[in-house]
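# Commentary on secondary and tertiary structure
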Amino acid sequence: MQAKRDIVILGSTGSIGLQALEVISANPELFRVIGLSAGFGNHKLLADQAKKFHVPIIGTSSTEFSAELPAGVSVICGAKASPEIASIPADIVLNGITGSVGLASTLSALSAGNVVALANKESLVAGGELVTSFGRERLIPVDSEHSAIFQAMLGGKRNEIKKLVITASGGAFRDRTDLAGVTIEDALAHPTWSMGPVVTINSATLVNKGLEIIEAHYLFDIPYSQIDAVIHPQSVVHSMVEFFDGSTIAQASPPNMKGPIAYALGYPNRVERATSPIDWSKPHSWEFRPIDNQRFPAVDLARRVGEIGRGLPAIYNAANESAVSAFLSKRIGFTSILRVVSNTVEKIEGKSLSELRDLSDVSALENDARTVAEELIKKEGSSS
Ligand code: MG
């Protein structure tokens, strides 16, 4: 029997964090939680989690902790809280933070020598070179597509891989031709996955797929020309690896993040009954079709910024984070999101970009991108 693993969870009150705690709660003989962190708000939930899982130390991005602290639990407050919690010696640090704000914690965990179960794809999009400089063997993907590829890669040798095929549900507007008047509620109604608001909007614009192509490039060290994306509305096949003999290995399970979370926490062992399997006593049809790049330019744009590199993926992501938050606060319409992202990329890529040496380089570039994006958002807002 394997020893109990010590787990740190960053973003414990978010969608990934909550599901990870469910996996851990169902497998107390396998895992023990030794640190938790969460962003602003929901201190009560964080305190409840600390109490339930007997966690000695927690962190919050807020400047002070507003809930009653369970006995024996210490708390770190402020922007440095998550990176500090990430550096606690652990078997696995699960980074379930949303947005490139999670990069600091990924870097902190890796430089402390920890293995990172990465649900924060923005860490790789914004800081791919920095993160992978610690060695890819300490990164375990949690994103369902990348977990699928990670698993499918076991089906052949590395030099036999022809390409990676990332599946995309197609998001809320897969079959909608007129995207001009869609509302926040429309965009948040994801057909197959239940996720946090940012990734759900990113799924509707297909920016999420763009981010995932960049994520796959850094995680698996595969050139962009060998990474494809395909629409698969049922979200059961989570991604595939095509080998040079013409064989494709796919990983399939009903859409539920507990599968990839448990796989990452237990790797290389599988966790029994982590998620319910496909029910073969019922009829199924799985459909695959190419992405309509005219209607959804996000994927092509991501591939282009990825090929160029030099911080351009960080700009793509930061501009999108600004645009999505402007959409969620009703400052711009849905179709403005991609316009803001591509115009921000265009404005900044003209300037000479240099390699990103550290976190402060990334932050400076992201600040430039946010400033440009904010100007564009104002324009979009006033013209709608
Ligand atoms: Mg995904």
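Residues numbered from 1 in each chain as written. Predicted model: local features only at pLDDT ≥ 70, side-chain atom pairs only at ≥ 80, totals over all residues. Heavy atoms only, no water.

## Observations concerning the pairing of strand β9 (residues 227-231)
- With 4 of 5 residues buried, β9 lies mostly within the body of the structure.
- Examined bridge by bridge, strand β8 (residues 161-168) and β9 share 5 bridges and lie parallel to one another. Residue Leu164 lies in a different strand from β9, and its bridge partner there is Ile227. (Buried < 20%, exposed > 50% of the residue type's maximum accessible area, 1.4 Å probe, protein only. Helix = DSSP H or I, 4+ residues; strand = E, 2+ residues; numbered from the N terminus. Pairing = 2+ DSSP bridges.)

## Quick look at the domain arrangement of the chain
- Taken domain by domain, the chain holds domain 1 (5-141), domain 2 (155-255 + 282-307) and domain 3 (309-384).
- For domain 2 versus domain 3, the distance between C-alpha centres works out to 22 Å.
- Opposite the 25 residues of domain 2 that make contact, domain 3 presents 18 residues.
- Contact with domain 3 buries surface across domain 2, with Ile184, Leu301 and Val305 losing the most and accounting together for 31% of the total.
- Inspection of the region where domain 2 meets domain 3 yields 5 residue pairs in polar contact (both at pLDDT 80 or more).
- Elements with a minimum of two residues in the side of domain 2 that touches domain 3: α7 (184-188), α8 (197-205), α9 (207-220) and α11 (298-308).
- The element that contributes the greatest number of residues to the side of domain 2 that touches domain 3 is α11, accounting for 7 residues. (Domains from an automatic or database assignment. Contact = heavy atoms within 4.5 Å. Buried area = accessible area lost by both parts, 1.4 Å probe. Polar contact = N/O pair within 3.5 Å; in protein donor to acceptor, adjacent residues only side chain to side chain.)

## Focus: the coordination of the magnesium ion
- Listed as protein donors to the magnesium ion are Asp143 (OD), Glu145 (OE) and Glu212 (OE); their distances from the metal cover 2.1 to 2.2 Å.
- We classify Glu145 as buried; its relative accessible area is 7%. (Donors = N, O, S within 2.8 Å, 3.2 Å for Na, K, Ca; no water.)

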